[in-house]
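# Coordinates in review
The primary structure of each chain is shown beneath.
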Amino acid sequence: MEPVVIVHGGAGDIPTSRVEGKLNGVKKAVKTGYKSLLESGSVLQAVEDAVKVMELDENFNAGYGSVLTCDGTVEMEASLMEMRKNALGPPQINAGCVTLVKDIHHPISLARKVLETPHNFIGGEQANILAKKHGFEILPDGALITEFAKLALEEWKNESERGTVQFARTEIGEEDRFGEGGTVGAVAIDKDGNIAVATSTGGITGKYRGRIGDTPLLGCGTFCNEFGGVSTTGHGETIMKSVLAHDILKRIEYLGQAPQKACEEACRNMTKNLEGTGGAICIDKNGEVGVYFTSNRMAWAYQKKDTITYGINHKSDKAHGIDILSEKVEGKGILGLF
């Protein structure tokens, strides 16, 4: 099987002013993840490394750049899940999830530490104690806060006072729209069919302190099994109610849908029934890729061999399509637009 790594950088009302930064960021992340997969042979390491790139990039809502609670603080969450094939029996499934994490650059790496314990999920004070125990750099209070995040919170508060806010805005720019995007994620499959998924976020602007979203919840923000892997992004409360990642994989498993169709139908069904928007990336057991979002935009990219395929917009001439571009890793620009 040909190894594949796919990443997303959040679904929401991303303003035009932030498109370039998002696309550059997801392309850098997928290159890093793919290189890691080839060098380490580990899908788990590949998705962790891809997400770590975006956790250091203020263009994304994870790690540095995370959005703020209503009190102006940062509370992050992340999850990892892997499926390793077992020739003698059922596949081995491992998972690690964290929430209410503070003052570290890489919540996804802390989730990796949880995966290595007997538990699946550790949150709050104990998650932060675990970070100290494992030697994570504990940053000064407020070190993760960016100007984008402060402006988004100020705007959210103003809209809240006027009673016009619906979903918390996490993307700001010249376009006056509300969005719920910015979470980052990655999925990888290796030559033997082993699969891993990673998702990381700062949540939604203006959330209550202690709020937990879909990202650290298996089946919602992150899910994988012997049929594939999915990472989602969008309005967390909506994704939780639809159990979006699980829905996509069960469509593949029980309905025999291709990953692209499964992503499209699950995302559209979620938004139709629950209004909130979101998106997903998927790789099935055959290495086929699926990408879809009902939000205004979602940055995504995947690499197979020496070609990176990526996008952020819906097609203007097709109601349910997305713009797809591609370029050689060592090439000189765009090769095709479909």
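Residues numbered from 1 in each chain as written. Predicted model: local features only at pLDDT ≥ 70, side-chain atom pairs only at ≥ 80, totals over all residues. Heavy atoms only, no water.

### A short note on the overall build of the protein chain
- Helix and strand content of the protein chain: eight helices and 14 strands.
- Here the C-alpha atoms of the protein chain give a radius of gyration of 18 Å, agreeing with the 20 Å that 2.2 N^0.38 yields for 338 residues.
- Judged by the C-alpha coordinates and their principal axes, the protein chain covers about 55 × 50 × 40 Å.
- With 338 residues in all, the protein chain has 59% of them scored as buried.
- Carbon and sulfur atoms form 49% of the exposed surface of the protein chain, whose accessible area is close to 13800 Å².
- A gap of 3 Å separates the mean positions of the 37 positive and 45 negative side-chain charges of the protein chain. (Helix = DSSP H or I, 4+ residues; strand = E, 2+ residues; numbered from the N terminus. Rg over C-alpha atoms; globule rule 2.2 N^0.38 Å. Buried < 20%, exposed > 50% of the residue type's maximum accessible area, 1.4 Å probe, protein only. Areas by Shrake-Rupley, 256 points an atom, 1.4 Å probe, with all protein chains shown as cover. Lys, Arg positive; Asp, Glu negative; His and termini not counted. Charge placed at Lys NZ, Arg CZ, Asp CG, Glu CD.)

### Quick word on the packing of helix α1 (residues 19–40) against helix α2 (residues 43–55)
- Relative to each other, α1 and α2 sit at 155°, their axes nearing to 8 Å. One element, α1, and the other, α2, form an angle in the roughly antiparallel class. Judged by the twist between their axes, the crossing of α1 over α2 is right-handed. For the pair α1 and α2, the contacting residues are Gly25, Val26, Lys28, Ala29, Thr32, Gly33, Ser36, Leu37 and Ser40 in the first and Val43, Gln45, Ala46, Asp49, Ala50, Val53 and Met54 in the second.
- Classifying every residue of the contact of α1 with α2 by side-chain character gives eight nonpolar, six polar and two charged. (Axes fitted to C-alpha atoms, helices over the stretch in contact; angles between N-to-C directions. Parallel < 35°, antiparallel > 145°, perpendicular 65-115°, else oblique. Left-handed = near helix turned anticlockwise from the far one by under 90°. Contact = heavy atoms within 4.5 Å. Nonpolar A, V, L, I, M, F, W, Y, C, P; charged D, E, K, R; others polar.)

### Side note on the side chain of Thr271
- Position of Thr271 relative to the elements: it lies in helix α8 (residues 259–274).
- Of the residues examined, Thr271 reaches a relative accessible area of 19% and is grouped as buried.

### What to know about the nonpolar core
- Within the largest apolar cluster, 54 residues are counted, with the highest numbers of intra-cluster contacts made by Val7, Leu80 and Leu110.
- Ranked by residue count, the leading element in this core is α2, at eight residues.
- Setting aside its immediate chain neighbours within four residues, Leu80 contacts Leu44, Val47, Asn94, Ala95, Gly96, Ile108, Ala111, Arg112, Leu115, Val197, Ala198 and Thr222.
- Of all hydrophobic cores here, the second largest spans 37 residues; its members include Met81, Val197, Cys224 and Ile239. (Core = buried A, V, L, I, M, F, W, Y, C linked by side-chain atoms within 4.5 Å.)

### Details of unusual backbone geometry
- Phi is positive for Asp103, which is not a glycine, with a value near 60°.
- Assignment of secondary structure puts Asp103 in the loop between β3 (92–101) and α3 (107–115).
- The phi torsion at Val243 lies on the positive side, around 45°, for a residue other than glycine.
- Note on placement: Val243 falls in the loop between α6 (236–242) and α7 (244–255).

### Points about the packing of α7 against α8
- For the pair α7 and α8, the least separation of the axes is 9 Å and the interaxial angle reads 135°. With respect to each other, α7 and α8 are oriented oblique. Between α7 and α8 lies a crossing of right-handed hand. For the pair formed by α7 and α8, the contact residues are Leu244, Asp247, Ile248, Arg251 and Ile252 on the first element and Pro259, Ala262, Cys263, Glu265, Ala266, Cys267, Asn269 and Met270 on the second.
- Of the residues belonging to the contact of α7 with α8, the class tally is nine nonpolar, one polar and three charged.

### Description of the state of the cysteines
- If you walk through the whole model with that rule in mind, you get zero disulfides.
- Cysteine Cys224 remains unbridged, with the sulfur of Cys282 as its closest cysteine sulfur at 11 Å.
- Given the relative accessible area of 1%, Cys224 is considered buried. (Disulfide = S-S within 2.5 Å.)

### Observations concerning the confidence of the model for the protein chain
- In this model, the protein chain carries an average pLDDT of 92, and 92% of its residues clear a pLDDT of 70 or more.
- Predicted confidence is poor over residues 331–338, with pLDDT under 50, and the contacts of this stretch with residues over four places away or in other chains come to 18 contacts. (pLDDT = per-residue confidence, 0-100.)

### Points about the pattern of salt bridges
- Here the structure, examined in full by the defined rule, presents 18 salt bridges.
- A salt bridge links Glu327 to Lys27; the shortest N-O distance between them is 3.4 Å. With Glu327 in strand β13 (residues 325–328) and Lys27 in helix α1, the pair connects residues that are 300 residues apart, well separated along the chain. Here the two residues Glu327 and Lys27 agree in accessibility, since each one is buried.
- Its salt-bridge partner being Glu147, residue Lys150 comes within 2.8 Å of it at the nearest N-O pair. (Salt bridge = Lys/Arg side-chain N within 4 Å of Asp/Glu carboxyl O.)

### Here we look at α1
- A rise of 1.5 Å per residue sets the reference length of α1, with its 22 residues, at 32 Å; its end C-alpha atoms lie 31 Å apart and thus fit the reference within 8%.
- The first or second residue beyond α1 is Gly41, which carries a positive phi of 75°. (Expected span 1.5 Å × (residues − 1).)

### Thoughts on the environment of Ile104
- Here Ile104 lies in the loop between β3 and α3.
- Separated by 35 residues in the primary sequence, Ile104 and Leu139 have C-alpha atoms spaced 5.9 Å apart.
- Sequence-distant contacts of Ile104, that is, excluding residues within four places in its chain, are made with Met76, Leu110, Ala131, Phe136, Glu137, Ile138, Leu139 and Leu144.

### Let's talk about the packing of aromatic side chains
- Following the criterion strictly, the structure yields two aromatic pairs and no others.
- Its guanidinium or amino end placed over the ring of Phe148, Arg18 lies 3.9 Å from that ring's centre, counting from NZ or CZ.
- One cation-aromatic arrangement involves Arg268 over Tyr292; the distance from NZ or CZ to the ring centre is 5.8 Å. (Phe/Tyr/Trp six-rings, centres within 6.5 Å; stacked < 30°, edge-to-face > 60°. Lys NZ or Arg CZ within 6 Å of the ring centre and 35° of its normal.)

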